[in-house]
Amino acid sequence: MLVTGQRKTCHGGTKMKILLVDPPFYRFIKYYNRYFPLGLAYLAAVLRDNGHQVLIYDADANVEKAMEMDFSALEEKYPEYINNVNRLSHSIWDEWRNVLEDFKPDMVGISVYTVKIASAFRIGQIAKDFNPDIPVVFGGPHPSVKSDESLKIAPFVDFVLKSEAEFTFARLVEAIGKKGALGDIKGLSFRKDAQIFHNPDVDFIEDLDRLPFPARDLLINKDTYTSEDMGLLMSGRGCPFECTFCSSAGVWGRKVRFRSIENVLDEIQQVKSTYGTVQFSFKDDIFTVNTKRVLEFCRLLKERKLNIKWDCNARVNLIDEQLLAQMKSAGCNGIKLGIESGSDRILKDVMRKKITVAQTKQAAGLIRRAGIHWTGYFMMGLPSETEQEMNQTLELMRQIKPDFASLSVYEPLPGTQLYHTGVAAGLVADQRTLDDFFEISPKYYYFKNIKNRIDTMPDDKFRAIEQFMKTSFHRYNRGPARIYKRARARSALYLKKPGVLKNDITRFLAWLR
Ligand code: B12
Ligand code: SF4
């Protein structure tokens, strides 16, 4: 494969221009989205350390003023998303062509989440139209478990790097530059002479402190993010639980690995001094998975006097009074909990969530008493779930009164246990064609019968319940008590950074529309 514009690096290898892309999704439907691609920023940092010239194009950062915030109506916009993906003259695709033209990359890497796969394919296709010699690499949660499908159906995808990919990507770039062997790069899948090869799985990085800090400075549009946007970070990787709907293990495995607390605090300090960030958000699957470590983190954070606010994901069975008090006094102003269901049968037999409704109620009481703003994540539409069980979920939400309640409708994510059970039961389509992804709404990607996504009732009945639940959740969140609590949780931030208040008001008005 011929690669354009290569030069020698100071290490004697071949220096490449690598463009990393987060495909557009929310932007196509004008929804609020300010998450910078943390995974790509990690990859970029390692590639830069290896002497390559790297840029990150976050094609999904929505910098326009008119942003939609009603996430309960998001899925209704999916057909519009698919239409826009298929409109090759769309301004976002022109923007992508311009980015290619300006940077002239030697290689393109694309981050792929299942919901965004149509966009990811389009990004790859346009890159190949621009220059057929550019290798296109897929990575991220979706291809980590669907590498074979991606390579089979998309001739413009050359390589897939599964799971954690910082060091394997650097090795792939080196192998391509030197025209070296690909067979010993773990986690790599590739096509050669029309045949697809899958190398053995990656060895996870044991010592995460070996990783450089994410290269936020390599985001093409870094000036369009607020200081708060830059505050995403991860203190550890992996989750030991085995919830049947969740795809965490496909990326990180089951063993939890932690960065040292000093390393995490150094990153916080660096981001604060570079971007003025005072609100951080931990994206670890479960930040409180090791409660002793969290207590130590809180102690050292206070000792360093970094004076920041932060939020994180936790689990109802992994919080207690002492922990919450320490977290609060160290600046924690937000906790997100997966509540999922109001039915113990669904929690136990279908989700294997290893929590009970009683534990949830107890945890809700603890957080309320601790005075930390909290979000509850709920889910409906699981296989075998009845109308009565869906009602129990709504009832539980009203009883435990989270400060914000988020509802998602179950979809079978590749690689999850429920996905495999669904395939065996004939409810899940294991293979999709390229055309499928450009035609079907992302809501139904792997459902076999898109006209009936649940096995306990006819589709029209399910849709009516779904609509009722979504409206109920949305109304609940718009209640004055909820709005007041959110503003109160962030009031210290407003004093530190009046700009945050302005942004919140803009978002709030968009959400009320
Ligand atoms: C923040 C977050 C979000 C943000 C947006 C993230 C974004 N940039 O778009 C919000 C809140 C909007 C969100 C929404 C949703 N999310 Co989300 N989210 C996360 C979360 C918590 C952190 C993501 C992150 O930054 N990770 C940290 C980085 C370091 O990891 P990473 O991105 O996976 O990157 C690593 C590898 O995957 C790989 N890699 C990634 N990209 C590339 C590219 C190349 C070229 C290569 C070689 C490698 C590579 O290398 C990286 C470093 O090792 C993850 C869970 C988690 N802890 O990872 C879930 C997760 C990504 N979300 C998930 C889901 C299901 C959703 C929703 C569909 C939920 C819903 N029902 O509404 C929506 C839809 C999102 C959308 N439209 O894009 C799933 C994705 C599963 C899948 N198969 O796609 C995850 C994994 C959660 C889970 N455990 O199931 N999410
Ligand atoms: S849902 Fe949460 S607790 Fe369950 S496996 Fe996924 S990350 Fe872990």
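Only a predicted model underlies this, so the values are computations on that prediction, with no experimental measurement involved.

Undergrad: Any details on the environment of glutamate 385? Residues and values, ideally.
TA: As for its placement among the helices and strands, glutamate 385 is situated in the loop between β16 (374-380) and α14 (387-400). Placed 40 residues apart in sequence, glutamate 385 and arginine 345 show a C-alpha to C-alpha distance of 9.2 Å. Contacts of glutamate 385, omitting those with residues within four sequence positions, involve Ile346, Met380, Met390, Ile454 and Thr456.

Undergrad: Go over unusual backbone geometry with me, naming the residues and quoting the values.
TA: We note that serine 163 has phi near 55°; this positive angle belongs to a residue other than glycine. Look at lysine 401: it is not a glycine, yet its phi comes out positive at around 50°. In this fold, lysine 401 is placed in the loop between α14 and β17 (404-409).

Undergrad: Which residues make up the site of ligand 2, and what values go with them?
TA: Lining the immediate environment of ligand 2, one finds Cys239, Phe241, Cys243, Cys246, Ser248, Asp285, Ile286, Arg315 and Gly338. Each residue belonging to the shell around ligand 2 can be placed in one class, and the counts come to five nonpolar, two polar and two charged.

Undergrad: Please provide a residue-by-residue account of the site of ligand 1, values included.
TA: Near ligand 1 you find 34 residues, and of these Gly39, Gly109, Ser111, Gly139 and Gly140 are the closest. Counting only elements with at least two residues in the shell around ligand 1, the list comes to α1 (38-49), β5 (107-111), β6 (136-139), α5 (141-145), α7 (166-177) and α8 (248-252). Of all the elements, α1 adds the most residues to the shell around ligand 1, at five residues. Three or more residues apiece are contributed to the shell around ligand 1 by two domains, here domain 1 (7-198) and domain 2 (226-410 + 447-512).

Undergrad: Please set out the nonpolar core residue by residue, giving values where relevant.
TA: Among the nonpolar cores identified, the biggest contains 128 residues, and Leu20, Leu43, Ala44, Ile110 and Leu172 are the most heavily contacted of them. No other element matches the eight residues that α1 contributes to this core. Among the domains, domain 1 (7-198) and domain 2 (226-410 + 447-512) are the pair contributing at least three residues each to this core. Setting aside residues up to four positions removed in sequence, leucine 20 forms contacts with Leu40, Leu43, Ala44, Val54, Ile56 and Gly109.

Undergrad: Mind laying out the pairing of β17, listing which residues take part and the relevant values?
TA: Pairing geometry for β16 and β17, over six bridges, is parallel. The residue of β17 that forms the bridge with glycine 376 is alanine 405. Once the chain exits β16 it traverses α14 before rejoining the sheet at β17, and the crossover so formed is right-handed.

Undergrad: Outline the sheet that holds β6, listing residues and values.
TA: What the seven strands build is an open sheet, ordered β4-β3-β5-β6-β7-β8-β9; its pairing is mixed. Looking at which strands have only one partner, the edges of the open sheet turn out to be β4 (53-58) and β9 (195-198). For this sheet, the mean inter-axis angle between neighbouring strands, taken without regard to orientation, is 20°. Its contacts with the sheet put α1 on β3 (17-22), β4 and β5, and the angle it makes with β4 is roughly 170°.

Undergrad: Before we move on, can you summarise the domain arrangement of the chain with the specific residues and values?
TA: For the chain, the domain assignment lists domain 1 (7-198) and domain 2 (226-410 + 447-512). Each of domain 1 and domain 2 has a C-alpha centre, and the two are 28 Å apart. Each partner contributes to the interface: domain 1 provides 15 residues, whereas domain 2 provides 15 residues. Considering each element in turn, the side of domain 1 that touches domain 2 owes the most residues, three residues, to α5. Partitioned by chemical class, the residues of the side of domain 1 that touches domain 2 number eight nonpolar, three polar and four charged.

What counts and how
Residues numbered from 1 in each chain as written. Chains lettered and ligands numbered in written order. Predicted model: local features only at pLDDT ≥ 70, side-chain atom pairs only at ≥ 80, totals over all residues. Helix = DSSP H or I, 4+ residues; strand = E, 2+ residues; numbered from the N terminus. Contact = placed C-beta atoms within 7 Å. Near = placed C-beta within 6 Å. Nonpolar A, V, L, I, M, F, W, Y, C, P; charged D, E, K, R; others polar. Domains from an automatic or database assignment. Core = buried A, V, L, I, M, F, W, Y, C linked by C-beta atoms within 7 Å. Buried ≥ 20, exposed ≤ 12 C-beta atoms within 10 Å, placed from the backbone. Pairing = 2+ DSSP bridges. Right-handed = clockwise from strand over helix to strand, strands pointing away. Axes fitted to C-alpha atoms, helices over the stretch in contact; angles between N-to-C directions.

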